[in-house]
Structure formats: C-alpha cells, structure tokens
Amino acid sequence: MKSHYRAVVIGGGVVGASVLYHLAKFGWTDVCLIERSVLTAGSSWHAAGGFHALNADPNIASLQAYTIDLLSEIEQESGQSVGMHMTGGMTLAGTPDRWEWLQSAYRTFQSIGIDDCRLITPQEAGELCPIMSTEGILGGMWADREGYVDTTGTVHAYAGAAKKRGTEVIEHNRVLELHQVADGWQVVTEKGTIHAEHVVNAAGLWAKQVGRMAGVELPVSPLNHHYLISDTIPELEQLDFEVPMTVDLEGFTYMRQDQKGILLGIYEIDHEHWMMDGAPWEYGFELQQEDPDRIERELTLGFERYPALQTTGVKTWVNGAFTFAPDGNPLVGPVRGKPGYWCACGVMAGFLQGGGVGKSLAEWMIHGEPEADVFGMDVARFGDYAQNKRFIKETTGQFYTRRFVMTYPNEQLPAGRPLKKAPAYDGMTAASCRWGASYGLEIPLYFAPSEDFTETPTLKRSNAFDIVADECKAVREAVGLLDISAFSRFEVSGVGAEAWLNRIMASKLPAPGRAKLAPMLSPEGQLKGDLTVFNWGDGIWWIMGSYYLREWHMRWFQDHMGEDVEVRDVTDAITGFSLSGPNSRKVLEKLTDGPIADLPFMGCGTFDIGMLRLKVGRLSVAGELGYELHCTAAEHITLRETLLEAGANLGIREVGFNALLSLRLEKSFGIWSAEFTQGYSAAQTGMDRWIDWDKDFIGRGAALKERDAGGPEQVVVTLEVDATDADASGYEPVWQGETRVGFVTSGGYGHTTGKSLAMAMVDRDAAAEGTDLTVHIVGQERAARVIAPSPYDPSGTAMRG
Ligand SMILES: Cc1cc2nc3c(=O)[nH]c(=O)nc-3n(C[C@H](O)[C@H](O)[C@H](O)COP(=O)(O)OP(=O)(O)OC[C@H]3O[C@@H](n4cnc5c(N)ncnc54)[C@H](O)[C@@H]3O)c2cc1C
C-alpha cells in the first residue's frame with residue numbers, strides 16, 4: 001500500500017470492483033481498492049447472480065444492457081471465469097393490464113435499441129420452461145441476454161482485470177476515517193493513512209457509515225431478501241437444456257436453475273429492513289435466519305408456479321440484506337460541497353447494474369461528465385429532505401414491496417407523504433385538489449369535481465380526462481390559477497453576478513425588467529438546464545427551473561462558481577401562483593393601480609397586488625396571456641384568496657399540472673426529463689435558438705462544432721397521432737415503414753385542438769412536416785404524422801397579446 005493514490009475505492013463488492021476496473025480501463029491506474037474483509041464480503045457473495053433486461057427507466061435499462069455485454073469481456077481480460085449461464089429469460093404477465101404493460105415495455109426496449117426481446121405466448125413460455133405451470137399466464141416477454149453468473153467469480157473477474165491494468169486491491173483493511181483536505185482526502189485505514197485526490201464510497205451495506213465519515217447523509221437502507229435453492233428436481237435432470245431465468249411478476253418471484261434444482265427468489269410483500277444505520281463492522285459471512293412464515297403467500301404462489309417444489313426439499317435458504325435508495329435506483333456521482341467524494345452505492349442489483357454504474361462513475365471522475373444521461377441514478381436527484389430516517393424507511397419499503405407490483409403512470413403512491421406542503425395546501429385540498437409528489441413536495445395535479453371522486457389507475461386515458469379538459473378550457477377561455485411552488489428559484493447577487501450568468505448561460509441575458517429563456521450547457525455541449533433568468537433591475541437576478549432539479553442545479557452552479565457572486569436557493573422561502581388565460585390581466589387590474597397592463601411579454605417587475613407587494617413576471621407555459629406572481633411562503637394563502645376573489649366574476653378556476661402538461665404540448669413547449677435532458681445537445685431540442693453565439697459561454701466550442709458540422713442527426717418534432725383511448729407518454733418507438741426512426745419524448749391529449757399529440761426525437765430525414773409515421777402506444781401501432789410546431793396558436797398571438 002502506498003501513501004498516495006489518485007483515487008481510493010472503498011469497498012470490494014461487485015460495485016467497487018467495477019469502479020476500479022473502469023477507472024483503470026479509462027486511464028487511471030494509480031488507484032487502489034480497500035476492502036474491510038475480503039472481496040465480496042458484503043451483499044455480493046450471497047446474491048443470486050441473476051441479470052435481466054427490464055427497468056422502468058430506459059437509461060438504466062441501457063446501462064444494464066452494457067453490463068451484460070461486459071461480463072464476458074472481463075472474464076477474458078482477467079482469465080477468471082464469471083460462471084456465465086446465458087439461459088435467456090422470460091418476464092411473465094398474469095393480468096390483462098400487466099400484459100398490456102409488458103407489450104408496451106417491449107416497444108420501449110425497441111426504442112432504446114434493445115432488440116433481442118420478443119413477446120411470447122403462454123404456450124411458448126411453457127415449452128421454454130417445462131417445469132413451470134402456465135396457469136393464469138396471459139403472455140410474456142423473452143429476452144436472449146438474460147441469465148445468471150457466479151457472484152464471487154464475477155467480483156474477482158472485475159478486480160483481476162483491474163489489477164492487470166495496474167491498480168491495487170488491499171484486503172483486510174478497514175477505512176476508519178475520512179478527512180477532507182485542501183487537495184483531496186485523507187483516508188485513515190487500519191494499515192495506515194493514504195492521501196487521495198478522490199475517494200469512492202462503494203461500501204454497499206456500510207455505505208451509510210462511509211457517507212457519515214465525510215459528513216454525507218445518504219438516503220439508503222438495507223432490506224432483507226430471501227431465496228431458496230431446491231434439491232434436485234427429476235424433471236430438470238431429464239432436460240438437455242437449462243431452463244430460462246423466469247420472473248413471475250404476479251407471483252412476486254424470480255427463478256433460475258441451480259445445478260439440477262432451482263433457485264426461487266422472493267420480493268416480499270411484508271418487507272423487513274435491516275440495520276438502517278448500516279451493517280455492524282464485525283458482520284462477516286453470516287446470514288439472517290430464514291422466515292418462511294413472513295413470505296408464506298409468495299411461497300404458496302411460487303410452489304403453484306413450479307409444482308415440482310411441492311415434492312422437492314429445500315437444500316439452502318438464503319436471507320441476506322442488500323441496499324435500496326427511495327426509488328430503487330443507485331446513488332451515483334459527486335456530492336455538492338465535497339469535491340473529490342464520489343458515491344457508487346444503493347445498487348440493489350449489482351450484478352446487473354454494476355457495470356453501468358462503474359462505467360458512468362469512472363467517466364464522471366475522469367472526464368467531468370458521464371457519457372449517458374444518468375440523472376435517474378444521480379445522487380443529486382434527492383435533497384436534504386430525503387435524509388430523514390422515517391422517509392427512507394417508508395420509501396425504500398414501498399419500493400421493495402412493490403418491486404414486482406404494477407404501478408400505473410397515473411398512480412400516486414403514499415410512502416413518505418405528505419412531506420412538504422405549500423402554505424395554501426389545506427385550502428386547495430378543501431377545493432378537492434388531487435396531489436402528486438415531486439422532490440418531497442406536494443404538487444397539484446387537478447381539482448376533482450367532488451371529494452369522493454377516485455381516479456382509476458390505468459395505462460390509458462383515465463376518468464380524470466374530462467376534468468383536465470375542463471381545466472384546459474378555463475385557461476384557454478377565461479383564466480386558470482396554478483400553484484407554482486414547484487418551480488425552483490435561485491437568487492443571484494453580487495458585483496460578479498452578471499459576468500457569472502453570462503458565462504454559465506448560453507443565452508443573452510435579459511435587460512433590466514425582463515426575463516429570458518436560458519439554456520445552460522456542459523463543456524461538451526449537452527444540456528444542463530432549460531432555465532428562465534429574471535433581471536429585476538436592482539442588481540438581483542433570479543434563475544428559475546424545476547423544483548426536483550434543485551440539488552442537481554445547485555451542484556452545477558457551485559462547481560462552476562464565479563468571483564464576487566452569491567447564489568442562494570430561495571425556493572422554500574419564495575412561492576407563488578400563476579394566472580393564465582385571456583382574463584388574467586383583468587384579474588390583476590382589479591388588484592393593482594400599478595401599470596400591469598404595460599408589462600410586456602417576458603417583462604417582470606414589482607407590483608402591489610391586493611395588499612401584497614409582489615415580484616411579477618409576464619410568462620406563460622400554457623401559451624396564453626399569463627403572469628407568474630411570486631410571494632413569500634407567509635403570503636401564499638393570502639395570494640390565493642386574493643386572486644380567487646378578484647377572478648370570481650371572470651371565470652377563474654384552479655387548475656393543476658396535468659392541465660399545464662396538455663396546454664404546453666399544444667404549444668410544442670418542451671420540458672425537462674422529456675424533450676430536454678443532459679443526453680441531448682441544444683440543437684437537437686431546438687434550444688439553440690436561444691443561444692447568443694456572439695459571447696463566450698460554457699459549451700460554446702462544442703455547440704459551435706455541432707452547428708458547423710451541419711447540425712444534429714436527430715431533432716425534436718411534433719406529431720399528431722391517430723390515437724383513440726390512450727396517448728403517447730414517452731419512449732414509444734416511432735417508425736417510418738419498417739424502420740425505427742426515433743422515439744416519443746412526451747405525449748398526451750391536446751384538449752383545445754382535440755388532437756392526440758406527441759413530441760418525438762426523430763432522424764432528420766423523417767422530420768419534415770407531413771411525413772407519415774407510426775407510433776406504438778400501449779403496444780398498439782397508431783398512424784402519426786409530423787405537424788408544424790405549436791398546433792395551438794402558432795403565431796403566439798394569445799401569449800403576446
Ligand atoms: C439474497 C440476495 C439476492 C440477490 N440477488 C441478486 C441478483 O440476482 N442479481 C443482482 O444483480 N443482485 C442481486 N442481489 C443484490 C446484490 O447482492 C447487490 O446489489 C450487490 O452485491 C451490491 O454490491 P456492492 O458492491 O454495492 O456492495 P457489497 O457487496 O455490500 O460490498 C461492499 C463492500 O464494502 C466493504 N466495506 C464497507 N465498508 C468498508 C470500509 N469502511 N472499509 C473497507 N471496506 C469496506 C465491505 O466489506 C463489502 O465487501 C441480491 C442480494 C441479496 C441479499
């Protein structure tokens with residue numbers, strides 16, 4: 001062991017070993033991995049080793065696909081067998097909705113280029129897995145590249161390949177303390193102190209403690225998990241092939257062959273957390289006592305699905321722990337305020353996701369950014385609110401229990417809620433508001449006609465369709481009132497504010513009393529934000545964005561900070577409402593004697609509104625005459641009451657974000673996580689029209705290069721879809737004849753235009769207006785055509801009037 005390394009990876013499970021391997025592969029070899037015990041000594045040794053294709057987040061599904069391809073590569077490189085059994089795999093559906101969902105998941109896979117999947121009938125499923133009863137199965141999805149590996153062999157293969165590339169693995173050496181120093185970290189270990197520029201927390205079951213060593217409180221918790229391995233099953237002995245890895249979603253089980261028996265793993269409805277503050281340091285290779293009573297229901301279903309289990313003994317029980325983040329996805333990346341401290345933890349399927357995690361993190365550490373859009377596993381998708389133990393317990397428990405339970409796109413889950421409520425929450429709830437949650441905040445979805453209205457979970461248009469239609473109509477014809485607590489607000493001040501904003505934003509800055517849309521780019525030219533900058537004219541600027549990106553944006557701001565500038569996140573202190581619709585100005589005119597009528601489109605200023613003194617911007621995501629009114633949290637209730645009262649004779653109606661999503665789609669206004677992501681350049685999304693090419697800004701070189709090379713290969717277009725009972729939602733494949741030419745970024749119903757609409761990222765050859773295409777929606781192929789952007793009010797008269 002040396003006294004100095006460029007990077008130290010803490011933890012020798014599958015994830016730490018993969019990070020080590022990828023750092024070496026991408027050029028950093030002055031790296032060591034430090035392991036408390038021996039390699040695999042956490043969750044990794046007792047995992048079932050299975051890997052399969054499905055993941056609800058397509059970006060993570062892509063990284064899983066990468067991991068699967070990598071396994072044979074590390075075997076070759078290291079000379080260590082990973083014990084690969086590429087049996088193929090099946091995911092089975094046992095309800096009509098699940099079957100529809102699986103058919104649409106199959107199409108999503110096509111969108112992201114995973115082409116080795118196909119849909120199968122129950123009969124085929126039975127032939128592929130003869131020991132399985134097909135009772136109740138409606139269909140399934142087959143994937144060629146599914147199976148299982150030997151877990152210990154795989155960890156050693158990653159580590160072996162990394163060692164061959166020049167890195168070190170130091171076992172029996174616990175990291176005791178971490179101290180942040182000017183140029184990195186002091187890593188105090190049992191065998192001495194190391195200085196490292198970078199440390200990686202890949203401590204698995206101990207991630208919580210290794211976080212706390214650096215003052216980082218990670219939203220992660222271990223939960224217990226059972227599988228059993230059966231004795232030999234005579235029917236299997238007679239087969240000349242291995243049965244496939246099989247996931248029975250309605251049965252809560254996964255199954256694979258294990259020698260001549262089977263391994264049956266269970267996602268437990270009655271889940272059990274284990275050592276929420278992290279595993280004990282002395283924890284060795286022991287397991288928890290199995291608890292068949294707790295999992296009786298799932299076991300009964302499993303024994304019905306694989307009847308041979310009813311007459312075969314159990315050879316081994318495993319009840320071991322592994323870690324989960326609140327949404328079940330890994331926690332990866334740098335932590336704000338802790339330069340050189342990196343996370344690679346909360347990985348609940350390390351054999352499936354470890355390769356992708358290691359690759360992304362190594363790219364991030366070496367190049368400053370991962371190649372793929374990894375927001376879905378970025379540790380910055382959670383804020384401080386997620387450090388609460390009860391929140392972690394409720395959300396990780398919910399994820400675990402629902403691992404195989406179908407969640408509908410319009411379903412709102414209860415764990416960890418309500419957590420953050422805007423001050424007017426009670427008043428809006430009394431008005432029958434139905435809430436969703438984003439980054440811990442309750443956000444209004446729509447206002448139900450009565451308290452007893454219940455929205456039915458569905459993959460198609462829901463029974464809230466007409467309610468949202470009415471809200472859209474109110475906005476287009478009168479005026480809609482929307483709580484905009486779910487916008488983030490950063491206050492930028494100081495003599496260096498303008499210079500910093502000019503460098504970090506690619507657009508021109510607004511003049512005093514004006515607001516401007518501002519793309520923010522990475523040095524590689526990828527989008528980092530679709531923000532709005534306000535110049536209040538008194539030396540104070542605001543940056544406004546999406547609430548759930550607060551931590552992520554703040555990390556970017558701090559990593560690219562300028563001189564003599566202060567950026568404060570004022571989101572929880574400042575909240576507000578927006579008014580949109582032709583009558584919105586009339587509402588405000590009743591409440592102010594200030595020159596509100598003179599406020600131009602994209603203008604902003606401070607006005608008396610009723611008894612409040614507010615910052616007001618004239619903007620509209622809905623594409624109507626509209627105003628955003630910002631108040632302190634203490635004024636939120638008064639503002640709502642004031643506006644409702646003033647609008648009473650002008651047709652005012654409270655509306656939610658479901659209506660806003662439909663209205664903005666009719667204007668072809670993109671939104672983050674759909675049309676805009678860090679996976680795209682500004683030119684791909686049309687954001688380049690806001691770029692000020694005459695100034696210097698982060699990402700200029702890359703954006704110019706793309707422009708000079710003739711622009712991007714794919715661009716965002718608007719589609720009209722011949723849909724009847726379901727609309728596109730995102731990641732559906734778009735076809736031109738038999739050729740896949742792109743995918744949907746977002747979709748929905750345009751209630752004013754009466755059209756099912758979608759925005760899609762398509763090849764430039766297929767982007768011309770009038771091009772006939774098709775789109776798969778909930779598994780059904782629908783005709784679609786490219787239409788001109790902004791099917792509602794293309795000239796923008798309503799918005800600017
Ligand atoms: C029963 C069961 C079945 C599973 N089946 C599957 C499956 O089929 N497929 C799949 O992909 N995943 C499966 N998993 C999940 C899988 O085991 C985990 O995702 C994976 O092991 C996580 O790896 P890791 O490297 O993050 O953590 P761990 O394996 O927990 O590794 C962390 C390592 O860090 C070391 N460490 C911690 N603190 C320190 C310190 N201070 N100093 C030095 N070293 C330290 C530990 O000793 C440990 O070796 C299963 C898990 C269980 C429990």
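For every chain, the first residue of the written sequence is number 1, and numbering continues from 1 along that sequence. In view of the model being predicted, local features appear only for residues whose pLDDT reaches at least 70, and side-chain atom pairs are presented and counted only at 80 or more, with totals across whole chains, interfaces and linings using the full set of residues. Neither water nor hydrogens contribute to the side-chain values; these are computed over all heavy atoms in the structure.

### Some words on the pairing of strand E25 (residues 541–546)
Summarising burial for E25: 5 of the 6 residues are buried, a large majority. As paired strands, strand E22 (residues 487–493) and E25 are joined by 6 bridges and run antiparallel to one another. If you follow Phe487 over to E25, its bridge partner there is Ser546. In short, DSSP must find at least two bridges between two strands for them to pair. Secondary structure follows DSSP: runs of H or I at least 4 residues long count as helices, runs of E at least 2 residues long count as strands, and numbering of each begins at the N terminus. Of the strand pairs in this sheet, strand E24 (residues 527–535) and E25 are connected by 4 bridges, and their pairing is antiparallel. From the neighbouring strand, Val533 faces E25, where its bridge partner is Ile543. Connecting E24 to the next strand, E25, in antiparallel fashion are 5 residues, including Gly537 with a positive phi near 90 degrees. Only protein chains enter the accessibility calculation, which uses a 1.4 Å probe; a residue whose area is less than 20% of its type maximum is buried, one above 50% is exposed, and one in between is partly exposed.

### A short note on unusual backbone geometry
The omega angle of the peptide bond from Arg417 to Pro418 is -10 degrees, so this bond is cis rather than trans. By the secondary structure assignment, Pro418 is in the loop between helix H10 (389–401) and helix H11 (425–430). The phi dihedral of His172 falls on the positive side, at around 50 degrees, and the residue is not glycine. Mapped onto the elements, His172 comes out in the loop between strand E8 (168–170) and strand E9 (175–181).

### Observations regarding the sheet that holds strand E27 (residues 574–580)
Across a sheet, strands are paired by hydrogen bonds formed along the backbone, either parallel or antiparallel in direction. Strand order in the open sheet made by the 6 strands is E28-E29-E30-E27-E21-E31, with mixed pairing throughout. Either end of the sheet is taken by a strand with one partner, and the two such strands are strand E28 (604–609) and strand E31 (652–654). Adjacent strand axes in the sheet meet at a mean angle of 30 degrees when their direction is disregarded. Examined bridge by bridge, strand E21 (residues 479–483) and E27 share 4 bridges and lie antiparallel to one another. Among the inter-strand pairings, Leu481 is bridged to a residue of E27, identified as Leu579. Here, residues are in contact when the closest pair of their heavy atoms is within 4.5 Å. Here an axis means a line fitted to C-alpha atoms, over the contact stretch when the element is a helix, while the angle between two N-to-C directions is reported on a 0 to 180 degree scale. Along the sheet face, helix H12 (residues 465–477) touches E21, E27 and E31 and points at about 140 degrees away from the line of E31.

### Description of the nonpolar core
Nonpolar cores were defined as sets of buried Ala, Val, Leu, Ile, Met, Phe, Trp, Tyr and Cys residues, with membership established by side-chain atoms within 4.5 Å. In terms of nonpolar packing, the biggest core is built from 73 residues, with Val8, Leu178, Val187, Val199, Tyr341, Tyr446 and Phe534 touching the most fellow members. Counting 46 residues, the second largest nonpolar core, distinct from the first, contains Ala17, Tyr66, Tyr158 and Ala159.

### Concerning the environment of Thr642
Positionally, Thr642 belongs in helix H16 (residues 636–647). With 465 residues separating them in the primary sequence, Thr642 and Glu177 have C-alpha atoms 55 Å apart.

### Some thoughts on the UniProt feature "domain: GCVT N-terminal" (unreviewed entry) in the protein
UniProt positions are given in the numbering used here, feature names are shortened, and annotations may be inferred rather than shown by experiment. What UniProt calls "domain: GCVT N-terminal" (unreviewed entry) maps, in this numbering, to residues 425–695. This span, residues 425–695, is 25% helix and 30% strand, and a straight line between its end C-alpha atoms measures 44 Å.

### What about the packing of helix H2 (residues 58–78) against helix H5 (residues 151–164)?
To characterise two packed helices, one gives the angle between the axes of the helices and the distance between these axes. At a minimum axis distance of 8 Å, the contact between H2 and H5 shows a crossing angle of 60 degrees. In terms of axis orientation, H2 runs oblique to H5. As for the relative orientation of H2 and H5, their crossing is left-handed in sense. Along its contact with H2, which presents Thr67, Leu70, Leu71, Ile74, Glu77 and Ser78, the element H5 presents Thr154, Ala157, Tyr158, Gly160, Ala161 and Lys164. A class-by-class count of the residues in the contact of H2 with H5 yields 6 nonpolar, 4 polar and 2 charged. Between 65 and 115 degrees an angle is taken as roughly perpendicular, under 35 as roughly parallel, over 145 as roughly antiparallel, and anywhere else as oblique. With the far helix as reference, a near helix turned anticlockwise by less than a right angle produces a left-handed crossing, and one turned clockwise produces a right-handed crossing. We call Asp, Glu, Lys and Arg charged. Ala, Val, Leu, Ile, Met, Phe, Trp, Tyr, Cys and Pro are nonpolar, and the rest, Gly among them, are polar.

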